[in-house]
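Structure assessment
Single-letter residue listing:
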Amino acid sequence: MTDIQTFDFKLFGYYLPTNGFCLVLRGVYSGKKMGLISRLFLLSWLPLRLWLELFQTYVWRPKVKRSPSRDTSNGGAYGKNGAALDREVDVTYVSPEQLDRLNEAMDKWWSPITPLQGLKAMNKVRIPIIVQAYYKDVLEQDVDSSSLSAVLQSETPLQGAKICDIGCGGGFLTEALVDSGADVVGIEEDEYDVLAAKTHWKETRGNEKKGPEYHHVSVKDFSARHAGEFDVVVCSELLEHLDDPMGYLPFVLKLVREGGVVVITTNNRTLSALAFAIAWLEHVVAIIPVNTHHLHQFIKPEEIDSVFRSNGFVMKDLIGYLPIGLTARLTWRLQWFLTSFTGVWYAQVAKKEAA
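First, a word on scope: everything that follows refers to the structure included in this document. (Residues numbered from 1 in each chain as written. Predicted model: local features only at pLDDT ≥ 70, side-chain atom pairs only at ≥ 80, totals over all residues. Heavy atoms only, no water.)

At 3.6 residues per turn, the α-helix brings residues three or four places apart onto the same side. The end-to-end C-alpha distance of helix α11 (residues 271–284), which contains 14 residues, comes to just 16 Å, noticeably less than the 20 Å that a straight helix rising 1.5 Å per residue would cover. The complete set of buried residues in α11 reads Ala273, Leu274, Ala277, Ile278, Ala279, Leu281, Glu282 and His283. Where α11 is buried, its residues touch α2 (36–58), β8 (256–267) and β11 (345–352). Positive phi appears at Ala286, one or two residues downstream of α11, with a value of about 55°. (Helix = DSSP H or I, 4+ residues; strand = E, 2+ residues; numbered from the N terminus. Expected span 1.5 Å × (residues − 1). Buried < 20%, exposed > 50% of the residue type's maximum accessible area, 1.4 Å probe, protein only. Contact = heavy atoms within 4.5 Å.)

Okay, here's the thing in C-alpha cells:
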C-alpha cells in the first residue's frame, strides 16, 4: 500500500500549510472515539480543505514530494537503483530492529479499531465483482444475478483461479481471495505492510490451508519476471494514491495472460467524490484519516480505459459501489453495496484479447 502523500505550495508569497494542518489533524484523529472539540476542529478545517482540493484539481496541480525510497513513476521502487528484490516474504525470523515497526504495521492493518476496517469491509463488494469477472469473462460462462448468487454461496467460488493482488497491503483482500479458493500472489512495496500480511496469516491460520504467496517487490520488477501468468490481476484502492497511475498501470496489465482480466477499483474524479469520499468521510464522520485522499489524484474511467485500449485490453464492465452505515455510532461498521452509480467509487473490468 503506498504512503499517503502530502503537498505544500506557494500562493501570493506564502506557503499554504496543507501538510502542517494535516499533521495536526492526524494527531487529533487516533482511530478512537473522538470528542466534540476534535470533531469541531475537523469541521472548521473543511471549507479551506474543499477550496484547496478544487484549486489543486482545476487550477494548479501541486508537485508531489517523493520519498527517496519510493518512486512510483517507474512502477514503484525500493533498494539500489530504484529496484526492489523479487523475493517471497519470510517471517520465520524478524530482527529486534524490525519488530517495533512490524507491530505498528500489525496495529495499522489488523487492530479492531483501525480506520482501515472500512477497507476490509469492502471485500463484500470486491469479491462478487472478481468472481463475476472470472466466470463471465475468463471462463466465458453465462452468469446472471441468480447464478452469481449461487456461485458466491459456495465455499470456493474462485477454485482454480490464479490471481495477483497488486498493492496487497496488510492482506485484507488477499486472504479473502484465498478463502474463496484462489491461488493468490500478493505483491507489496512497503516492507512492513507485507510482513504484517504474512505474519497475520501465519498467526491466525498456521498450516490450516495453503496460504497466499507474498512478495516484497515493485510491480515493474515483478511484471518483468511474471508477465502473462495470471488469470485475474486485481489492483484495488491503489491507483488514487500514486504519483503517476497511468504510468504504473501498464506494468499491472503486463501480468495478465491472454483471455485473462484485470479488475481495477478506485475513486472517480467528480464533485460527488469530493463531497462524499473527502468531505463526508474524512471531516464530518471522520471514518477515514484526513488527507488520505485528494481529488486531483482521483481518476476518471475513460482515462483508465484509454490505457486499457493501448495495451490490448477491452473493457467489459463498469460497476459502482458505495458504503452505508455512516453515523458516529456505526463508525467501524461500514457496509458496502453495489450500485449503477459510478461517481464516487467504481470497479472497472477489462479483458486481454488474443494478439
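On we go from here.
With that out of the way, let us pick up the pattern of salt bridges. A full pass over the atoms with the stated rule returns 12 salt bridges. When the shortest N-O distance is used, the salt bridge between Arg205 and Glu175 registers 3.9 Å. In this pair, Arg205 is assigned in the loop between α8 (191–204) and β6 (213–216) and Glu175 in helix α7 (residues 172–179), connecting sequence segments 30 residues apart. For Arg205, a relative accessible area of 19% corresponds to the buried category. As a salt-bridge pair, Asp231 and Arg257 come within 2.5 Å of each other at their nearest N and O atoms. Here the residue Asp231 occupies a position in strand β7 (residues 230–236), and Arg257 occupies one in strand β8, the gap between them amounting to 26 residues. (Salt bridge = Lys/Arg side-chain N within 4 Å of Asp/Glu carboxyl O.)

Positioned with a positive phi, Glu140 is a non-glycine residue whose angle comes to about 55°. Here Glu140 is to be found in the loop between α5 (123–138) and α6 (145–153). With a relative accessible area of 57%, Glu140 lands in the exposed category. Even without a glycine there, the phi angle at Glu237 is positive, about 55°. One can find Glu237 in the loop between β7 and α10 (245–253).

A cluster of nonpolar side chains, contributed by Leu54, Tyr58, Val59, Trp60 and Leu271, occupies part of the molecular surface with about 530 Å² of accessible area. Turning to its location among the elements, Trp60 is positioned in the loop between α2 and β3 (87–88). (Patch = residues over 30% accessible without salt bridge, like charges linked within 9 Å, V, L, I, M, F, W, Y side chains within 5 Å. Areas by Shrake-Rupley, 256 points an atom, 1.4 Å probe, with all protein chains shown as cover.)

Running from amino to carboxyl end, α5 crosses α6 at an angle of 110°, the nearest separation of the two axes being 11 Å. Considered as vectors, α5 and α6 are oriented roughly perpendicular to each other. When you trace α5 past α6, the crossing you get is right-handed. From α5, Ile127, Pro128, Val131, Gln132 and Tyr135 reach across to α6, where they touch Leu148, Val151 and Leu152. Residues that form the contact of α5 with α6 fall into these classes: 7 nonpolar, 1 polar and no charged. (Axes fitted to C-alpha atoms, helices over the stretch in contact; angles between N-to-C directions. Parallel < 35°, antiparallel > 145°, perpendicular 65-115°, else oblique. Left-handed = near helix turned anticlockwise from the far one by under 90°. Nonpolar A, V, L, I, M, F, W, Y, C, P; charged D, E, K, R; others polar.)

Our focus in this paragraph is empty space enclosed by the protein. This structure, assessed with the given rule, holds 3 cavities of 30 Å³ or more. In this model, the largest cavity occupies a volume close to 90 Å³. Lining the largest cavity are 11 residues, with Leu119, Arg126, Gly167, Cys168 and Leu173 positioned closest to its centre. Among the residues forming the lining of the largest cavity, the class breakdown is 6 nonpolar, 2 polar and 3 charged. (1 Å grid on protein atoms, 1.4 Å probe; cavity = no way out; pocket = protein on both sides within 12 Å on 5 of 7 lines; lining within 4 Å. Points joined across faces, edges and corners; volume = space filled by probe spheres on them.)

Per the counting criterion, the structure on display carries 0 disulfides. This cysteine, Cys168, is not joined by any disulfide, and Cys164 carries the nearest cysteine sulfur, 8.6 Å off. For Cys168, a relative accessible area of 5% gives the class buried. Residue Cys235 stays outside any disulfide, its sulfur separated by 9.6 Å from that of Cys164, the closest cysteine. Exposure remark for Cys235: the relative accessible area of 0% places this residue in the buried category. (Disulfide = S-S within 2.5 Å.)

This part takes up the pairing of β7. Counting buried positions along β7 yields 7 of 7 residues, so the element is predominantly enclosed. Across 4 bridges, strand β4 (residues 162–166) lies against β7 in parallel orientation. Looking at the pairing, Ile166 lines up with Cys235 of β7. Relative to β8, β7 is paired through 6 bridges, and the arrangement is parallel. Counted as the bridge partner of Val233 is Val262 from β8. In this region the chain leaves β7, passes through α10 and returns to the parallel neighbour β8; the handedness of that crossover is right-handed. (Pairing = 2+ DSSP bridges. Right-handed = clockwise from strand over helix to strand, strands pointing away.)

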